[in-house]
Amino acid sequence: GSLGIDELVEIFRKMFHPQISMEEVDGIASEWAGEGSIRLNVTSFVAVVSRYIRIHESDWCLVQGIRELIGKDKGDPVTHSDKLVADMLVKNSHLPLTYEEAEELL
């Protein structure tokens, strides 16, 4: 089977980012879609997803680091009310920080 760009955008919105634009997905997918092709085979789909992940790997690492610092386990939602405070930084940073140093960093 193969996927059209609309189907690919739907998958990306469900799996990665609900507001990802058609232009962003199309820009990545166009590197693997054949000349004038608007459909991707399985190999091309894997390549597109791999490229997207590589592009956003640093974002993912940053999010995971912040989750670790605020003490969120996998699956625990992060909300707007979650804040990184000095106590959390001292406890979760894996660095020998004093409370005063943590406050200065924040």
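Structure: above.
Here the structure is a predicted model, which is why all the values come from computation and not from measurement.

Asks: Looking at this structure, how should I read the packing of helix α1 (residues 5-15) against helix α3 (residues 42-55)?
Replies: When two helices pack together, their arrangement is given by the angle between the helix axes and the distance between those axes. Two numbers describe how α1 lies on α3: the axes approach to 12 Å, and their chain directions differ by 40°. When the axis of α1 is compared with that of α3, the two are oblique. α3 is crossed by α1, and the crossing has right-handed handedness. Residues L8, I11 and F12 of α1 pack against F45, V48, V49 and Y52 of α3. Residues that form the contact of α1 with α3 fall into these classes: 7 nonpolar, no polar and no charged.

Asks: Is there a simple way to explain a nonpolar patch on the surface in this structure?
Replies: A surface patch of nonpolar side chains, about 310 Å² in accessible area, is lined by M15, F16 and I53. Note that I53 resides in helix α3.

Asks: For this particular structure, what's the right way to read a negative patch on the surface?
Replies: Residues D87, E100, E101, E103 and E104 make up a contiguous surface patch of negative charge. The greatest single-element share of the negative patch, amounting to 4 residues, is contributed by helix α6 (residues 99-105). With respect to the helices, strands and loops of the structure, E100 is situated in helix α6.

Rules and cut-offs
Residues numbered from 1 in each chain as written. Predicted model: local features only at pLDDT ≥ 70, side-chain atom pairs only at ≥ 80, totals over all residues. Heavy atoms only, no water. Axes fitted to C-alpha atoms, helices over the stretch in contact; angles between N-to-C directions. Helix = DSSP H or I, 4+ residues; strand = E, 2+ residues; numbered from the N terminus. Parallel < 35°, antiparallel > 145°, perpendicular 65-115°, else oblique. Left-handed = near helix turned anticlockwise from the far one by under 90°. Contact = heavy atoms within 4.5 Å. Nonpolar A, V, L, I, M, F, W, Y, C, P; charged D, E, K, R; others polar. Patch = residues over 30% accessible without salt bridge, like charges linked within 9 Å, V, L, I, M, F, W, Y side chains within 5 Å. Areas by Shrake-Rupley, 256 points an atom, 1.4 Å probe, with all protein chains shown as cover. Salt bridge = Lys/Arg side-chain N within 4 Å of Asp/Glu carboxyl O. Lys, Arg positive; Asp, Glu negative; His and termini not counted. Charge placed at Lys NZ, Arg CZ, Asp CG, Glu CD.

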